[in-house]
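# Notes for the structure review
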2 protein chains.
Amino acid sequence: MSISKRFHVAVVGATGAVGLELIRVLQHRNFPVSQLTLLASPRSSGKVLRFHKEEVIVRALEASSFTRVDFAWFCADNKISKRYVPIAAEEGAVVIDNSSAFRMDPTVPLVIPEINGEEAQHHKGIIASPNCTTTITLIGLYPLHQAFDVKRIFASSYQAVSGSGTQGISELNQQVHALLACHQNVERKIYPHQIAFNVLPHVENFLDSGYTQEEVKMQNEGRRILHLPKFRASVTCVRVPVYRAHSIAVFAEFEKPVSLEMAVEALRRAPGLRLVDDVAGNYYPTPLGVEGKEECEIGRLRLDSAMENGLAYWICGDQLLKGAALNAVQIAELLIQS
Amino acid sequence: MSISKRFHVAVVGATGAVGLELIRVLQHRNFPVSQLTLLASPRSSGKVLRFHKEEVIVRALEASSFTRVDFAWFCADNKISKRYVPIAAEEGAVVIDNSSAFRMDPTVPLVIPEINGEEAQHHKGIIASPNCTTTITLIGLYPLHQAFDVKRIFASSYQAVSGSGTQGISELNQQVHALLACHQNVERKIYPHQIAFNVLPHVENFLDSGYTQEEVKMQNEGRRILHLPKFRASVTCVRVPVYRAHSIAVFAEFEKPVSLEMAVEALRRAPGLRLVDDVAGNYYPTPLGVEGKEECEIGRLRLDSAMENGLAYWICGDQLLKGAALNAVQIAELLIQS
């Protein structure tokens, strides 16, 4: 493809938290768009969104929505992806799916451009973008894995309410306002318990193993992305009253002996990552500090005190950007650059 | 000692977050008090606090404050404890110290009554109450250790602002009010970064190892309390915008093979602990749920997916109560019952 070629692109779930962010990313990164089709539920159709200097009307998603579309990003739930992704691919669009519907399908590449970007080239019409918490964790883990060969990790997350979409944001906002106005009862719609001034060890549904769907993605998706079928991950995912950006505390065990110097060197060179680690000056990543940033930030790097070949680290990333919209746009960029 | 004996007791740091809680615990548990001496900095002297139906005037802490005191609880900082604890013990008081000043002193018992209560009897005038995050974690770990012999843990904490005292509470409160009133800048005094709608991987000072003082307490104090010199703990301590009660996500490895059934049985029988673990009904511990409760709550128990003999759990505890004031009062109760 010539670099000057422009594309007809579609965004499904355009009015959601990730969809809106994806439109901003397309604009900000000057993705070569000739036509932008914005799709959403019938309830949102008719809404008008701005892209560069144009106003674009959101239309209701239909089976016929993908005619002559080059790239289609899906930023809706699994059910929508399961139904419409195959239709869009059939129509000839390259689909980049943010849902988990196709992530474990061996015919669908699961891609983080900084890690396994070359796999995007082998798609058969569908490419999956990984889970947000997994992506942010692996952006920090991969450079260390290249240096020392990762064996397993123990991770606990601190996940923002925007991970539950715009409704998660509203729920925290309404609860904080209600509590400050001294209302005794706060409304709960998205979360089973109050999220304001609280934390909930509950992200997505529980499985029979006692882990949640969110927690097992780290191992399942990590194995595919790292090409490491024996990679093990034990994770506790926790929702925290932060609006935007996820944080993860990671304890990682490696096959080879580790050194802090080599680890720092590996992290400094790593794409998509910024080392923020000067604890003497109180410099370490925070979710507020990475809001709106394309790069993830890693810090609190130290030799693990409970493992021989272990490193502990803390990583923060804007999960609407690198954890979703940005990663999905970067995948398409890999294809148009090739 | 006869059960009807009453004691002259003193509380140092009486106007702080832990001190105020300790006075409430003494009242609530009907500790046999004949005289209550409340001590604080000269700045707080003259304040009046209520105990049962009496009003008690807070006095400035002095070397002479401990004459004829039977029990003295120290709820101030390390500097105050280092200076005045030996004086109080010299005067004949049994001192129960909430600071970290004497916790690693081999002549000072470090006691969680549910775990190693018998050690309190062997004091030489000073007994230390452990770190709050360590206490809450161990209340859940100890019954599992009894069943399976703990080897090491990986833990990440979610610590409330009241762990920084009343100033931590004010700082979160002021920041939330300022942000809701759309002030651009929030005031920072206690924490180096905004804590409202943010999380900070920073509790206490950083050590050369890259861990914080708070993080290494788990291993150091855990070894003493569990009588397990090879116990290893790797911890990331994180401050979260929760007013009260700490939470800890723990991955624990044991020497013996584990079973969920035996683990549940051990936790059900354990003192100071409530098993809240019915994820199908969204029952799991939250910090808001344990506010003001004497028992810690444990849940999200599962076989660890990354270790052979591993269990993962989530535990919440009111760190002003079991993590500090309650534990310190329980230690004195052990002595007066004997």
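Up top is the structure these notes are about.
These numbers come from a predicted model, not from an experiment.

### Quick notes on the nonpolar core
A:Phe66, A:Phe74, A:Leu141, A:Ile153, A:Leu226 and A:Phe254 are the most contacted members of the largest nonpolar core, which totals 57 residues. Summarising the domain contributions, this core has at least three residues from each of domain 1 (7-130 + 324-337) and domain 2 (134-319) of chain A. If you look at the next biggest cluster of nonpolar residues, it comprises 55 residues, including B:Ala72, B:Tyr142, B:Ile225 and B:Val235.

### A closer look at the pattern of salt bridges
Residues and elements named next belong to chain A. A complete count under the given rule lists 38 salt bridges over all chains for this structure. Arg50 is paired through a salt bridge with Glu55; the nearest N and O atoms lie 3.3 Å apart. Between Asp149 and Lys256 there is a salt bridge, with the nearest N and O atoms lying 3.9 Å from each other. Linking Asp149 in the loop between helix H4 (132-148) and strand S9 (150-158) with Lys256 in the loop between strand S11 (246-254) and helix H7 (260-269), this pair joins segments that are 107 residues apart in sequence. Owing to a relative accessible area of 38%, Lys256 belongs among the partly exposed residues under this scheme. Through salt bridges with shared partners, a single network forms among Glu21, Arg24, Arg244 and Asp318.

### Describing the pairing of strand S13 (residues 296-303) of chain A
Residue and element names in this part refer to chain A. With seven of its eight residues buried, S13 lies for the most part within the structure. Bridge count between strand S12 (residues 273-275) and S13: three bridges; the pairing is parallel. If you follow Arg274 over to S13, its bridge partner there is Glu297. In this sheet, strand S14 (residues 310-317) lies alongside S13 in antiparallel orientation, the contact comprising five bridges. Note that in S14 the partner of Leu303 across the bridge is Leu311. Connecting S13 to the next strand, S14, in antiparallel fashion are six residues.

### Points about the interface of chain B and chain A
With 58 residues of chain B at the contact, the number on the chain A side is 58 residues. Summing both sides of the interface, chain B and chain A together bury roughly 5000 Å²; the carbon and sulfur share of this comes to 60%. Here chain B is connected to chain A by six salt bridges. Its salt-bridge partner being B:Glu308, residue A:Arg232 comes within 2.6 Å of it at the nearest N-O pair. Across the contact surface, chain B and chain A share 30 residue pairs in polar contact (both at pLDDT 80 or more). Within the residue set of the side of chain B that touches chain A, elements represented by two or more residues are strand S9 (150-158), helix H5 (166-180), helix H6 (213-226), strand S10 (232-236), strand S11 (246-254), helix H8 (287-290), strand S13 (296-303) and strand S14 (310-317) of chain B.

### What about empty space enclosed by the protein?
Sizing a probe to match a water molecule and rolling it over the atoms shows the empty space that remains. Taken as a whole and judged by the stated rule, the model has one cavity of 30 Å³ or more. Within this model, the largest cavity holds a volume of roughly 40 Å³. Around the largest cavity sit A:Leu172, A:Val176, A:Ala196, A:Phe197, A:Pro241, B:Val176, B:Phe197 and B:Pro241, which together line it. Of the residues assigned to the lining of the largest cavity, the class counts are eight nonpolar, no polar and no charged.

### Remarks on the sheet that holds S9(B)
Residue and element names in this part refer to chain B. Taken in spatial order, the six strands of this open sheet run S10-S9-S11-S14-S13-S12, and their pairing is mixed. Taken across any chain shown, the strands that pair with only one partner, and hence form the sheet edges, are S10 and strand S12 (273-275). The sheet shows a mean angle of 25° between the axes of neighbouring strands, direction not considered. Against the sheet, H6 engages S9 and S10, with an angle of about 150° to S10.

### Focus: the relation of the copies chain B and chain A
With an RMSD of 0.0 Å, the fit of chain B onto chain A corresponds to turning through 180° and sliding 0.0 Å along the axis. Here the two chains are linked by the operation of a two-fold rotation axis. Most of the interface of chain B is mirrored in chain A: 100% of its interface residues are interface residues there too.

### As for the side chain of B:Gln319
Its place among the elements puts B:Gln319 in the loop between S14 and helix H9 (321-337). Apart from residues lying up to four places away in sequence, B:Gln319 is in contact with B:Cys132, B:Ile136, B:Ala160, B:Ser162, B:Gly163, B:Arg244, B:Ala245, B:His246 and B:Ala324.

### Regarding the environment of B:Ile248
Residue and element names in this part refer to chain B. On the secondary structure map, Ile248 appears in strand S11. Here Ile248 falls in the buried class, since its relative accessible area comes to 0%. In this structure, the C-alpha to C-alpha distance between Ile248 and Val85, residues 163 residues apart in sequence, is 31 Å. Not counting chain neighbours up to four residues away, the residues in contact with Ile248 comprise Thr133, Ile136, Thr137, Ala155, Ser156, Ser157, Tyr313, Trp314 and Ile315.

Cut-offs applied
Residues numbered from 1 in each chain as written. Chains lettered and ligands numbered in written order. Predicted model: local features only at pLDDT ≥ 70, side-chain atom pairs only at ≥ 80, totals over all residues. Heavy atoms only, no water. Core = buried A, V, L, I, M, F, W, Y, C linked by side-chain atoms within 4.5 Å. Buried < 20%, exposed > 50% of the residue type's maximum accessible area, 1.4 Å probe, protein only. Domains from an automatic or database assignment. Salt bridge = Lys/Arg side-chain N within 4 Å of Asp/Glu carboxyl O. Helix = DSSP H or I, 4+ residues; strand = E, 2+ residues; numbered from the N terminus. Pairing = 2+ DSSP bridges. Contact = heavy atoms within 4.5 Å. Buried area = accessible area lost by both parts, 1.4 Å probe. Polar contact = N/O pair within 3.5 Å; in protein donor to acceptor, adjacent residues only side chain to side chain. 1 Å grid on protein atoms, 1.4 Å probe; cavity = no way out; pocket = protein on both sides within 12 Å on 5 of 7 lines; lining within 4 Å. Points joined across faces, edges and corners; volume = space filled by probe spheres on them. Nonpolar A, V, L, I, M, F, W, Y, C, P; charged D, E, K, R; others polar. Axes fitted to C-alpha atoms, helices over the stretch in contact; angles between N-to-C directions. Least-squares fit on C-alpha atoms with pLDDT ≥ 70 in both.

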